[in-house]
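Residue strings, one per chain:
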Amino acid sequence: MKQSGKRLGFALVMLWMVTGLSAQPNTVSLEDAISYAINNSTSTQNARLNISDAEAQIIERRSTGLPQLNGSVNFQHYLKVPVQPLPENFQTFGVVFADLMPYLSESTRQLLLEQNSGDDSGGVAFVLKNNLTASLNLESMIFDGSYFVGLQAARAYRKYAAVDLAVKEREVRNQVIDAYYPVLLVDENLELLEKNITNLERLHFETEELYKAGFAEQLDVDRLELSLTNLQTERDNLLRQKELAIAGLKFAMNYPQDSELEVTGDLDEMIVEAPAGSLTDAVNFQRRPEIGLIDEALQLNELNIRVNKMGYLPSLRGFATYQQSYFGNDLKNGFWAPAAFVGLTLNVPIFDGFNKKAKIQRAQLDLEEAINQRNELVQAISFEVESARTSYMNAQERLANQQKNLELAERIYQTTQVKYREGVGSSLEVSQAEQSLYTTQSNYMQAMYDLVVARANLEKALNIQ
């Protein structure tokens, strides 16, 4: 009984440890979040399935040009043997078979005689009740122009699927980045807000002590208390915003919504200079996987045209068959008849009602449409890069200005606090300086966020990772 109690206690301790460990939130960096999303996103998983499907299509297409060997077995039992009618001058059974007998084997003659013995219908049966045929058929393509182009198209589609995976991974990466930075912004604001609340609580306590000593007014205490309440309310709002931002990040990562998730990093460490040449160098469009994807689509369209043109060429196939056939009125006393033959099949297209011509025209129209889409994509990328460069430079300048404003607002706030403690300043000045500081802090945080986002957008436009 004591041993079972010890085992139960040990199990409870282990359960508590496992539960405690599983309750710990998963902490991820930006790269961790991107890696998780790429591995678990539905779009990237489907893109990998498309690659596997493309590889299977290559094997499927290649198999059509390889020799095909098939076996077949056919059994036929006549419930009533068909009889061939004979002309009037051949009504006699013996006359009919007199000419045939020299050409038949002894077993065949015997079976036919048994089959037709006692037949007075005026006809003769040339088949037996049971017929069994087992055969092997070998068929192979000798020439088909569309086969080789089709195989090339299947391999091109494999490359298209691989580039499509790169496009999907880039989309997932960008979605995670867009969802990750707002979480950092909320965290920074919460940290700053906690600092302001701590400072304001200290000032509120000092002012309340001064009021008790008769050196401050109740109005001064009320103003600070109101400011403190507003900051605490704003903190509660930010906590709810963080929950929403985390939910958005989980969605972008395809992460379970009911699991805990925390992020690491801050906006300060994200503020780094843009890569060298990113603001001045010519745009390398080939860095964007979308360009590679549409280039692969162009090649597929060209191959589609060639496949349809190859339909005008004749195709040649060879075949060989070996078979064994059994004939008899029962399954024991019949005879086997072997047969073997080879041959060629030449298919020459002559007129198809302009079907292939229409397919070629449609394929050419698809090619022209893809060319137009590529030109439009190049223009869109050029505009995206220029817009991202301008936004980045504007964000840099705005952050520099806001940093100066923040330093100035902090000095003003500290000065008004010193003056107030020394009795040469009013609480109104402190309140005004405080509101100005909070506004400047908010503007500075927003400028930091805008610069980080602008740099991310620049890297997205140039596909720099």
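Higher on the page you've got the structure.
Scoring rules and cut-offs
- Residues numbered from 1 in each chain as written.
- Predicted model: local features only at pLDDT ≥ 70, side-chain atom pairs only at ≥ 80, totals over all residues.
- Heavy atoms only, no water.
- Helix = DSSP H or I, 4+ residues; strand = E, 2+ residues; numbered from the N terminus.
- Buried < 20%, exposed > 50% of the residue type's maximum accessible area, 1.4 Å probe, protein only.
- Contact = heavy atoms within 4.5 Å.
- Core = buried A, V, L, I, M, F, W, Y, C linked by side-chain atoms within 4.5 Å.
- 1 Å grid on protein atoms, 1.4 Å probe; cavity = no way out; pocket = protein on both sides within 12 Å on 5 of 7 lines; lining within 4 Å.
- Points joined across faces, edges and corners; volume = space filled by probe spheres on them.
- Nonpolar A, V, L, I, M, F, W, Y, C, P; charged D, E, K, R; others polar.
- Expected span 1.5 Å × (residues − 1).
- Pairing = 2+ DSSP bridges.
- Axes fitted to C-alpha atoms, helices over the stretch in contact; angles between N-to-C directions.
- Phe/Tyr/Trp six-rings, centres within 6.5 Å; stacked < 30°, edge-to-face > 60°.
- Lys NZ or Arg CZ within 6 Å of the ring centre and 35° of its normal.
- Salt bridge = Lys/Arg side-chain N within 4 Å of Asp/Glu carboxyl O.
- Parallel < 35°, antiparallel > 145°, perpendicular 65-115°, else oblique.
- Left-handed = near helix turned anticlockwise from the far one by under 90°.

1. Brief notes about the overall build of the protein chain
Counting its regular elements, the protein chain contains 11 helices and eight strands. Residues counted as buried form 33% of the 465 residues belonging to the protein chain. Put simply, 83% of the contacts in the protein chain that link residues at least 6 apart link residues at least 24 apart.

2. Examining the nonpolar core
Counting 65 residues, the largest nonpolar core has V176, Y180, Y181, L249, M253, V263 and L267 as its most contacted members. Of all elements in the fold, only α2 (30-40), α6 (145-212), α7 (218-253), β6 (261-263), α8 (267-270), α10 (355-421) and α11 (427-462) reach the threshold of two or more residues within this core. By residue number, the principal contributor to this core is α11, which donates 16 residues. Leave out the neighbours within four places in its chain, and V176 touches A33, I34, A37, L249, A252 and M253. Counting six residues, the second largest nonpolar core, distinct from the first, contains L298, I305, I360 and L367.

3. Remarks on the layout of surface pockets
In this structure, the largest pocket spans a volume of roughly 410 Å³. Taken together, 18 residues line the largest pocket, and the ones lying closest to its centre are L192, K195, N196, E410 and Q441. Those elements giving two or more residues to the lining of the largest pocket turn out to be α6, α10 and α11. In terms of residues, the lining of the largest pocket owes the most to one element, α6, which gives seven residues. By residue class, the composition of the lining of the largest pocket is seven nonpolar, five polar and six charged. Here the second largest pocket is characterised by a volume of approximately 340 Å³. Forming the walls of the second largest pocket are 21 residues, and the residues nearest its centre are L30, E31, R173, I177 and E459. Broken down by secondary-structure element, the contributors of at least two residues to the lining of the second largest pocket are α2, α6, α8 and α11. When residues of the lining of the second largest pocket are assigned to their parent elements, the largest contribution, six residues, is made by α6. Its residues placed into classes, the lining of the second largest pocket shows eight nonpolar, six polar and seven charged.

4. A closer look at helix α3 (residues 42-63)
Side chains three or four residues apart in an α-helix point the same way, a direct result of the helix having 3.6 residues per turn. When the terminal C-alpha atoms of α3 are compared, their 31 Å separation across 22 residues agrees well with the 32 Å that a helix rising 1.5 Å per residue should span. The secondary structure elements touched by the buried residues of α3 are α2 and α6.

5. Quick look at unusual backbone geometry
At F354, a residue that is not glycine, the phi angle is positive and equals roughly 65 degrees. Of note, F354 is situated in the loop between β8 (335-347) and α10. According to the relative accessible area criterion, F354 is exposed, its value standing at 54%. Phi at N463 is positive, roughly 55 degrees, even though this residue is not glycine. Its location among the elements puts N463 in the segment after α11. N463 sits in the buried class, given a relative accessible area of 15%.

6. Let's talk about the sheet that holds strand β5 (residues 130-143)
Taken in spatial order, the four strands of this open sheet run β2-β5-β7-β8, and their pairing is antiparallel. The open sheet has two edge strands, β2 (68-77) and β8, and neither has a second partner. Across this sheet, the average inter-strand angle for adjacent strands is 15 degrees, counted without regard to direction.

7. As for the packing of aromatic side chains
In this structure the tally under the stated criterion is six aromatic pairs. Where Y157 meets Y160, the ring centres are 6.0 Å apart and the plane angle is 20 degrees; that geometry is what we call stacked. Here Y157 and its partner Y160 are both found in helix α6, three residues apart, which amounts to about one turn of the helix. Using a relative accessible area of 25% as the deciding quantity, one classes Y157 as partly exposed. Looking at Y160, the relative accessible area reads 24%, which means it is partly exposed. For the cation-ring pair, K356 lies above Y312, with the distance from its terminal atom to the ring centre recorded as 5.4 Å.

8. Brief notes about the pattern of salt bridges
A complete count under the given rule lists 18 salt bridges for this structure. R288 serves as the salt-bridge partner of E384, at 3.2 Å between the closest nitrogen and oxygen. Taken as a pair, E384 in helix α10 and R288 in the loop between α8 and α9 (289-310) lie far apart in primary sequence, 96 residues in all. For E384, a relative accessible area of 30% puts it in the partly exposed group. One salt-bridge network, held together by shared partners, links R170, R288, E290 and E384.

9. Details of the packing of α10 against α11
Taken N-terminus to C-terminus, the directions of α10 and α11 make an angle of 160 degrees; their axes are 7 Å apart at the nearest point. Regarding the angle of α10 to α11, the classification is roughly antiparallel. Judged by the sense of rotation from one axis to the other, the crossing of α10 with α11 is left-handed. Of the residues belonging to the contact of α10 with α11, the class tally is 22 nonpolar, 13 polar and nine charged.

10. Structural notes on α9
The end-to-end C-alpha separation of α9 is 32 Å, in line with the 32 Å expected for 22 residues at 1.5 Å each. Turning to α9, its buried residues are P289, E290, I291, L293, I294, E296, A297, L298, N301, L303, I305 and N308.

11. What about the pairing of strand β7 (residues 315-328)?
Pairing geometry for β5 and β7, over 13 bridges, is antiparallel. Among the inter-strand pairings, N131 is bridged to a residue of β7, identified as F327. Across 13 bridges, the pairing between β7 and β8 is antiparallel. Residue pairing across strands places T321 opposite F341, the latter belonging to β8. From the end of β7 to the start of β8, which pair antiparallel, there are six residues.

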